[in-house]
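Structural characterization, general
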Amino acid sequence: MRKSWLVLLVLLVLLALFFLLGLRVGSLTTSYETVGEALFAYDPANPAHYSILHLRLPRLLLAFLTGASLAFSGYLMQALVNNALADPYLLGTASGASLGASTSFFLFADLTFMGLYLPPFFALVGSFVVTLVVVLLGSRRGQLIPSQMLLAGVALSSLLTALVSLIMFLSESDSQLKSVVFWSMGGFEKADWATLGYPATALGVGLFLFFFLQRHLSVLLLGPERAGTLGVNVGKLRWGMLVAVSLVTGFAVAFSGPVGFVGLMVPHITRALLGATNRFNLLACALTGGLFLVVCDLISRLIYPPAGLPIGVVTSFFGVPFFVYLLRRKNYRFS
């Protein structure tokens, strides 16, 4: 228990440090004193204060929420299908979101309606519709069949990727093409205070509910048969996990674009730190995922200031070697 609290404390301290560093970095590097003034004595006439409070802080918060959401969903997905290579995008969520956002770029010259930026909402609709189709294809007589669901997700993802490519091919302007390509690689430059509440609420509800089901998640890693003999209602738990993954991933992807490998890597790191059955695994997983994307966003802005590289490019440099490492282990199941 002492180790768990220590790990959580270290994660929170690192988050605070990287948040402070991230608030300093931008088109104009500011001092820590200016950051403190912007947070506690905000002056709307000061351009540096505006940049810190309305541009950098929402961006960092969206990076944290996206990383925490994908890590949370990855943890649930790996338990859901009992496979170490699973991640939240296996349901086709990212592909559905990409198609929704790409469609909005293609259909509308003006991407705002009543003050709302349309692509995230189209992405959210796309992710939910595709996830629903995957669930319908992956269930039989009301029971989820993980292997069938994974195959349906892979097949639909391939189809939707082809449709996104078709939209890019048919784009009549360079600006449309650039928007689709850039969104598909992920980024946090569109973050604002008005939209942060959506992913934050979805993640908060998911963490609250599944924190009390952590023991059941740990038992599920042993396999559905063993979990059933130990008193876990596998069917209901799987449906609850699937709904949570769909909602949390859908909201995260809708506002940041698809960001790969977070949901794959972070659950393994968390279990390595705390063990496979620790009651704080899910919370630590969310904190680690959020910290990881905050660091990746900072790296992207340092390499290519001020906007930064697409975040999916940065995470791939970490994720691909980790994926190769998992493949070489040749043990994809936990049980």
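One can find the structure itself at the top, above this paragraph.
A brief look at the structure comes next. Computed from a predicted structure; not experimentally measured. (Residues numbered from 1 in each chain as written. Predicted model: local features only at pLDDT ≥ 70, side-chain atom pairs only at ≥ 80, totals over all residues. Heavy atoms only, no water.)

1. Considering the packing of helix H3 (residues 47-81) against helix H13 (residues 281-303)
What counts is decided by this rule: Note on method: axes are straight lines fitted to C-alpha atoms, helices fitted across the in-contact stretch only, with angles between N-to-C directions ranging 0 to 180 degrees. A helix here means a DSSP run of H or I that spans at least four residues, while a strand means a run of E at least two residues long, and both kinds are numbered starting from the N terminus. Any angle that falls under 35 degrees is termed roughly parallel, while one over 145 is termed roughly antiparallel, one within 65 to 115 roughly perpendicular, and all others oblique. By convention the crossing between two helices is left-handed if the near helix lies anticlockwise of the far one by an angle smaller than a right angle, and right-handed if it lies clockwise.
The geometry of H3 relative to H13 is characterised by a closest axis approach of 7 Å and an angle of 135° between their N-to-C directions. It follows from the interaxial angle that H3 and H13 lie oblique. Judged by the twist between their axes, the crossing of H3 over H13 is right-handed.

2. As for the environment of Phe 122
Note that Phe 122 resides in helix H5 (residues 118-137). Taking the C-alpha atoms as reference points, Phe 122 and Ser 102, separated by 20 residues in sequence, lie 8.6 Å from one another.

3. Remarks on the packing of helix H2 (residues 32-40) against H3
Keep this limit in mind: Residues are treated as being in contact if the distance between any of their heavy atoms lies within 4.5 Å. Under the scheme applied, nonpolar residues are Ala, Val, Leu, Ile, Met, Phe, Trp, Tyr, Cys and Pro; charged residues are Asp, Glu, Lys and Arg; polar residues are all the others, including Gly.
Running from N to C, H2 and H3 cross one another at 75°; their axes reach a closest spacing of 9 Å. By the angle between their axes, H2 is roughly perpendicular relative to H3. Across from Thr 34, Val 35, Glu 37, Ala 38 and Leu 39 in H2, the residues of H3 making contact are Ala 48, His 49, Ile 52, Leu 53 and Leu 57. Class assignment for the residues of the contact of H2 with H3 results in seven nonpolar, two polar and one charged.

4. Focus on the state of the cysteines
A covalent bond bridging the sulfur atoms of two cysteines is what the word disulfide describes. Let me state the cut-off plainly: The disulfide definition used here is simple: a pair of cysteine sulfur atoms within 2.5 Å. Buried, partly exposed and exposed residues are distinguished by accessible area as a fraction of the type maximum, computed with a 1.4 Å probe on protein chains only: under 20%, between the cut-offs, and over 50%, respectively.
Counting across every chain of the model gives zero disulfides. Looking at Cys 285, it has no disulfide partner, and the nearest cysteine sulfur is the one in Cys 296, 15 Å off. Here Cys 285 falls in the buried class, since its relative accessible area comes to 0%. On the basis of relative accessible area, Cys 296 is assigned to the buried category, the value being 1%.

5. Some details on helix H6 (residues 146-170)
The criterion, for reference: Given the number of residues in a helix, its expected span is that number minus one, multiplied by 1.5 Å.
The terminal C-alpha atoms of H6 lie 36 Å apart, and with 25 residues this matches the ideal 36 Å at 1.5 Å per residue to within 8%. All of the buried residues in H6 are Pro 146, Met 149, Ala 152, Gly 153, Leu 156, Ser 157, Leu 160, Val 164 and Ile 167. At its buried positions, H6 is contacted by H3, helix H4 (93-107), H5, strand E4 (143-144), helix H7 (174-184) and helix H11 (234-256).

6. Regarding the nonpolar core
The nonpolar side chains of a soluble globular protein tend to be buried, and buried together. Test applied: As used here, the term nonpolar core means buried Ala, Val, Leu, Ile, Met, Phe, Trp, Tyr and Cys residues forming a set that is joined through side-chain atoms within 4.5 Å.
By size, the foremost hydrophobic cluster in this structure holds 94 residues, and its most contacted members are Phe 72, Leu 76, Phe 210 and Met 241. At 18 residues, the largest contribution of residues to this core is made by H3. Discounting residues that sit within four places of it in the chain, Phe 72 has contacts with Leu 203, Gly 206, Leu 207, Phe 210, Ala 244, Val 248, Leu 282 and Cys 285.

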